[in-house]
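Residue strings, one per chain:
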Amino acid sequence: MLQDRRVALLRGTELSVLLGDRTVLSGVDIAVAQGEIVTVIGPNGSGKSTLLRTLLGILAPRRGLVSHKDGLVVGYVPQRLALDPTMPLSVGRFLNLPQRARQADQRAVLDRVGLTGFERRAMTALSGGEFQRVLLARALLVQPDILMLDEPTQGLDQAGAASFYKLIDSVRDETGCGVLMVSHDLHVVMAASDRVVCLSSGHVCCEGTPEFVASAPAYRALFGDGTDGALALYRHHNHANHIHRPHEDCPECSTTS
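Described below are features of the structure shown in this document.

## Digging into the layout of surface pockets
Stage number 1. Taken as a whole, the largest pocket spans an internal volume of roughly 340 Å³.
Stage number 2. Around the largest pocket, the lining is made up of 17 residues, and of these Leu97, Pro98, Arg138, Leu141 and Val142 lie nearest the centre.
Stage number 3. Secondary-structure elements contributing two or more residues to the lining of the largest pocket are strand E5 (74–77) and helix H4 (128–140).
Stage number 4. Taken as a whole, the second largest pocket spans an internal volume of roughly 270 Å³.
Stage number 5. Ser90, Gly92, Arg93, Asn96, Arg100, Ala101, Gln103, Gln106, Arg107, Glu119 and Arg120 are the residues that line the second largest pocket.
Stage number 6. Going through the elements one at a time, helix H2 (91–95) and helix H3 (103–112) are the ones with two or more residues in the lining of the second largest pocket.
Stage number 7. No other element matches H3, which puts three residues into the lining of the second largest pocket.

## Here we look at the pairing of strand E3 (residues 37–41)
Stage number 1. Burial runs high along E3: five of the five residues are buried.
Stage number 2. Side chains Ile37, Thr39 and Ile41 project from E3 onto one buried face, and the interleaved Val38 and Val40 project onto a second face that is buried too.
Stage number 3. Bridging between E3 and strand E7 (residues 178–182) involves four bridges; their strand directions are parallel. The residue bridging Val40 from the neighbouring strand is Val182, located in E7.
Stage number 4. Taken together, the four bridges between E3 and strand E8 (residues 195–200) define a ladder with parallel strand orientation. Looking at E8, one finds that Val40 is bridged to Val197.

## Observations concerning the nonpolar core
Stage number 1. Leu136 and Leu147 are the most contacted members of the largest nonpolar core, which has 35 residues in total.
Stage number 2. Secondary-structure elements contributing two or more residues to this core are H2, H3, H4, strand E6 (146–150), helix H5 (158–175) and E7.
Stage number 3. The leading source of residues in this core is H4, at seven residues.
Stage number 4. Leu147 has contacts with Gly75, Leu136, Ala139, Leu140, Val171, Cys177, Gly178, Val179 and Leu180, leaving out every residue within four places of it along the chain.
Stage number 5. Core analysis: the second largest hydrophobic core is formed by 21 residues, Val17, Ile30, Val32 and Met148 among them.

## What about the pattern of salt bridges?
Pairing between side chains becomes possible if they bear opposite charge and their charged atoms approach one another.
Stage number 1. The final tally for this structure, using the stated rule, is seven salt bridges.
Stage number 2. Residue Glu36 pairs with Arg195 through a salt bridge whose shortest N-O separation is 2.9 Å. With a gap of 159 residues between them, Glu36 in the loop between strand E2 (22–33) and E3 and Arg195 in strand E8 connect regions that are remote in the sequence. For the pair Glu36 and Arg195, a shared accessibility class is recorded, and that class is buried.
Stage number 3. Here Arg172 ties to Asp169 by a salt bridge, and the two come within 2.7 Å at their closest N and O atoms. Residue Arg172 and its partner Asp169 are located together in helix H5, separated by three residues, close to a single helical turn.
Stage number 4. With a relative accessible area of 12%, Arg172 lands in the buried category.
Stage number 5. Of the residues examined, Asp169 reaches a relative accessible area of 22% and is grouped as partly exposed.

Each value, and the rule that gives it
Residues numbered from 1 in each chain as written. Predicted model: local features only at pLDDT ≥ 70, side-chain atom pairs only at ≥ 80, totals over all residues. Heavy atoms only, no water. 1 Å grid on protein atoms, 1.4 Å probe; cavity = no way out; pocket = protein on both sides within 12 Å on 5 of 7 lines; lining within 4 Å. Points joined across faces, edges and corners; volume = space filled by probe spheres on them. Helix = DSSP H or I, 4+ residues; strand = E, 2+ residues; numbered from the N terminus. Buried < 20%, exposed > 50% of the residue type's maximum accessible area, 1.4 Å probe, protein only. Pairing = 2+ DSSP bridges. Core = buried A, V, L, I, M, F, W, Y, C linked by side-chain atoms within 4.5 Å. Contact = heavy atoms within 4.5 Å. Salt bridge = Lys/Arg side-chain N within 4 Å of Asp/Glu carboxyl O.

See the structure below:
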């Protein structure tokens, strides 16, 4: 939930989503305000990407409501984008999809993401970090009110991820847009988030400022072997900066008094 009186750009209320006969999200509330960076974290299979796709309108919730401010403009950076390696697609041509952008606008967004002069580079020749920055540049072309990013640093090393999150932070500061990210990079996402929403078993387990998940043991637990290690991160300490939402299906809630 929003922690102040700012009006939400985007809000999901009591969202429940079924994929086939499986409940992937259950009673999820989330909101993002102008100028706020919200990061959704959770173990694999917790519903993070499903939540993002539901907020984008790609998936329809079985119950609940997605609402947004009138005329909301969304810039989206997907988790993966596979390109045919035989396709002669330059960065400039890619930025013209699905609609043509002015060359001046292309130069401006490429400058903004640190890729000055990349218009003629082949998309297939880019490094992982450069590729993600091009995706971000494409999202910025629409001058979004909110950026929505689905694990945008997947496949990048720690330094590359940290640099990308720093870029997102500076874009937010300069444009005032809201940001909603799905991420597993807790070691670098802490410095770039105003608020963290933890998903477990498809519901909001806890949320708040990122400090309570910033310790090294918690990070190791998240990336340890198996689901038990991942869920160990979400022990519900009596912490002033987060909200605990008990749920009968959550392994953590069932072991916490």
